[in-house]
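So the chains spell out like this:
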Amino acid sequence: MRSKRVMYKLITILLIFTLVVGLSFAAEKTKLTFWNMPFVTQEVSPEYVKMWENDAKTELPEYEIDHFYGPGKYKDQRDKFLLQAKTGIPDAIEGLLEDTAVYVSNDIIEPLDSYFSEWDESDQFVESTLEPLRINGKLYGVPYNTNARALIYRTDILEKYNLSVPKTWDELIDTARIITEKSNKEIFGFYTCTETGGPRAAQEFITLYYQVSNKNNPFEVTTVEGERAVELVATVDQLEKVLDFYGKLFEGNFPACDPNQRGTGWPVEDPGYVAGKWAMAPMGPWLWGRREESDSAKDILENKSQLTRIPYSKDGVPATYLEVKLIMLNKFSKDKNAAWDLIKYITSKEKMAQWLVESGGIPARKDSLELDVFEKAGIQWWMQGFANELPISVAMNPINWGPVSEANLRAVNYVIYGEKSAKDAAQWLLDSYNDLVEKNVL
């Protein structure tokens, strides 16, 4: 009799254990990781990130999304992803157009054609934002943000010193020098990124190159006998014009740019503008997200700033860098279907609009752009200022831009630190381009 009672107890314990284990397995959610720069660097506010996280719990109840969004800066994020993508972390990654070719060449992101074609919302995406994301006929990301660079300037400063908005490089240098002098260097007239390895510096350099090259890339990507080939088309004359412009920005007793900021990048450029340290800078729509940093930043952005075309070389044409930001799927994600669900959520109609009304971007979806959140936020003028530049914008070719951009900025630093003349630095840069082509690393 006693043995029966013991048996019943054992069976009961076993049943309870089985039930508890079963419930725990049933309750366990698929964990997903999503790396993106804006959530880390406060391109969007911490309050927005918290709202996004709460909404994700409701919209994606079967998944648990890690609240670690990566290392932050695009270069750091790219370098770390290249090292650890095969671990399956992150499942999805946000990035720049120029990151895509690097990831494809390393075979670490998944082509999305089959996923995208079956999505009933795929026809809402603007085709011009999808085309740059196709490499060798395959789609490697879903765009969420597009913009063309413009010049932001302080209307009150130009009015104070009775200055006109510059239209050419020479006018920009002259105007900026006057501001630096008349403010006794309390405000420098201009800022541009010159950080070697910095993504913004690379984008600002290529904008200037497009202007002197009639909107052409320095390299052409072709197919020769079925094989991809990269051909150098840049000339030393084009590169010298760009490098000479950089040199002139830092010349004189009252230079256009602060010499103490040589070699710095966007972490100096953006907060510096909203803090009133420079009167003009090449810029994208993300800066709008910094208006909440202080009352002064809000006043500068909302009441004392305007947007115009980036000044161009008198020997060139109006042109600017086209930015397309996208979400990509890690080829080694442990659950690609779940990762795709996350990407669809990130790039959904409402979420895309909410993200970009926070940061000031232009949605890659037609239906997102039609939502009234932009009008209610009062930023239509801001978005339109960048949208006006889309007709003259140029997308970067699908090559490995990392070593190219590093060489570009090394050449810039040679000039702005007086280590080489613009002519010698241009020849060095062209030789570096040739070396990269010959080594087949692009």
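Residues numbered from 1 in each chain as written. Predicted model: local features only at pLDDT ≥ 70, side-chain atom pairs only at ≥ 80, totals over all residues. Heavy atoms only, no water.

Trainee: Could you give me a rundown of the overall build of the protein chain, with the residues and numbers involved?
Mentor: Scanning the protein chain for helices and strands turns up 20 helices and 15 strands. By its C-alpha atoms, the protein chain is 105 × 60 × 40 Å across when sized along the principal axes. Looking at the protein chain as a whole, 53% of its 442 residues qualify as buried. If you take every contact in the protein chain between residues at least 6 apart in sequence, the share linking residues at least 24 apart comes to 75%. Counting every atom, the protein chain has about 20000 Å² of accessible surface; 49% of that belongs to carbon and sulfur. For the protein chain, the distance from the average site of its 49 positive side-chain charges to the average site of its 66 negative ones is 6 Å. (Helix = DSSP H or I, 4+ residues; strand = E, 2+ residues; numbered from the N terminus. Buried < 20%, exposed > 50% of the residue type's maximum accessible area, 1.4 Å probe, protein only. Contact = heavy atoms within 4.5 Å. Areas by Shrake-Rupley, 256 points an atom, 1.4 Å probe, with all protein chains shown as cover. Lys, Arg positive; Asp, Glu negative; His and termini not counted. Charge placed at Lys NZ, Arg CZ, Asp CG, Glu CD.)

Trainee: Could you give me a rundown of the pairing of strand β12 (residues 305-308), with the residues and numbers involved?
Mentor: A one-sided burial pattern is seen for β12, the buried positions being S305 and L307 and the unburied ones Q306 and T308. In this sheet, β12 lies alongside strand β8 (residues 150-154) in antiparallel orientation, the contact comprising four bridges. For I152, the partnering residue across the bridge sits in β12 and is L307. (Pairing = 2+ DSSP bridges.)

Trainee: I'd like a rundown of the packing of aromatic side chains, residues and numbers included.
Mentor: In this structure the tally under the stated criterion is 26 aromatic pairs. Note on F34 and F39: the rings are 6.3 Å apart at their centroids and 75° apart in plane angle, and the pair reads as edge-to-face. Measuring from centroid to centroid gives 5.3 Å for W382 and F386, while their planes differ by 70°, and the two rings are edge-to-face. With W382 and F386 both in helix α18 (residues 380-387) and four residues apart, this pair spans about one turn of that helix. What makes W382 buried here is its relative accessible area of 0%. Looking at F386, the relative accessible area reads 0%, which means it is buried. (Phe/Tyr/Trp six-rings, centres within 6.5 Å; stacked < 30°, edge-to-face > 60°.)

Trainee: Can you tell me about the pairing of strand β10 (residues 227-232), naming the residues and giving the values?
Mentor: For strand β9 (residues 219-224) and β10, the ladder comprises six bridges, and the chain directions are antiparallel. When the sheet's bridge partners are listed, V221 is paired in β10 with V230. Hairpin geometry of β9 and β10 is characterised by an intervening segment of two residues between the two adjacent antiparallel strands and by a positive phi of about 50° at E225.

Trainee: How would you summarise unusual backbone geometry if you had to cite specific residues and measurements?
Mentor: In this structure, the amide linkage connecting I89 to the following residue, P90, adopts the cis form with an omega of 0°. Positioned with a positive phi, N184 is a non-glycine residue whose angle comes to about 55°. Tracing the sequence through the fold places N184 in the loop between α9 (169-182) and α10 (199-212). Given the relative accessible area of 58%, N184 is considered exposed. Not every positive phi belongs to a glycine, and K215 is a case in point at roughly 70°. As for its position among the elements, K215 is in the loop between α10 and β9.

Trainee: Can you explain the nonpolar core? Please cite residues and give values.
Mentor: Counting 137 residues, the largest nonpolar core has W52, F205, L342 and Y433 as its most contacted members. Counting residues per element, this core draws most heavily on helix α19 (residues 401-416), at nine residues. When near neighbours in sequence (up to four residues on either side) are disregarded, W52 contacts F34, F39, I65, Y69, L342, Y345, I346 and K351. (Core = buried A, V, L, I, M, F, W, Y, C linked by side-chain atoms within 4.5 Å.)

Trainee: Explain the packing of α10 against helix α11 (residues 236-249) residue by residue, including any values.
Mentor: Each pair of packed helices gets described by two things: the angle between the helix axes and the distance between those axes. Axis separation between α10 and α11 bottoms out at 9 Å; the angle between their running directions is 125°. Taken together, the axes of α10 and α11 are oblique relative to one another. Crossing angle aside, the handedness with which α10 passes α11 is right-handed. Where α10 abuts α11, its residues A201, E204, F205, L208, Y209 and V212 lie against Q238, L239, K241, V242, L243, F245 and Y246. (Axes fitted to C-alpha atoms, helices over the stretch in contact; angles between N-to-C directions. Parallel < 35°, antiparallel > 145°, perpendicular 65-115°, else oblique. Left-handed = near helix turned anticlockwise from the far one by under 90°.)

Trainee: Outline the sheet that holds strand β11 (residues 280-283), supporting the account with residue identities and numerical values.
Mentor: Spatially, the three strands line up as an open sheet ordered β11-β8-β12, and their pairing is antiparallel. Looking along the sheet, the strands with just one partner apiece sit at the ends: β11 and β12. Neighbour-to-neighbour, the strand axes of the sheet open up by a mean angle of 30°, direction not taken into account.

Trainee: Break down the pattern of salt bridges for me, citing the residues and quoting the values.
Mentor: A side chain of one charge can pair with a side chain of the opposite charge when the charged atoms of the two come close. Taken as a whole, this structure holds 27 salt bridges when the rule is applied. Between K325 and E43 there is a salt bridge whose closest N-O contact spans 3.5 Å. On the criterion of sequence distance, the pair formed by K325 in strand β13 (residues 320-329) and E43 in the loop between α2 (37-41) and α3 (46-59) is long-range, its members being 282 residues apart. Like E43, K325 is buried. Between D372 and K376 there is a salt bridge whose closest N-O contact spans 3.4 Å. Here D372 falls in the partly exposed class, since its relative accessible area comes to 41%. (Salt bridge = Lys/Arg side-chain N within 4 Å of Asp/Glu carboxyl O.)

Trainee: Can you explain the environment of A426? Please cite residues and give values.
Mentor: Counting through the fold element by element, A426 comes out in helix α20 (residues 422-438). Of the residues examined, A426 reaches a relative accessible area of 0% and is grouped as buried. As a C-alpha pair, A426 and D237 span 189 residues in sequence and 7.7 Å in three-dimensional space. Excluding residues within four positions of it along the chain, A426 makes contact with V236, L239, E240 and L243.

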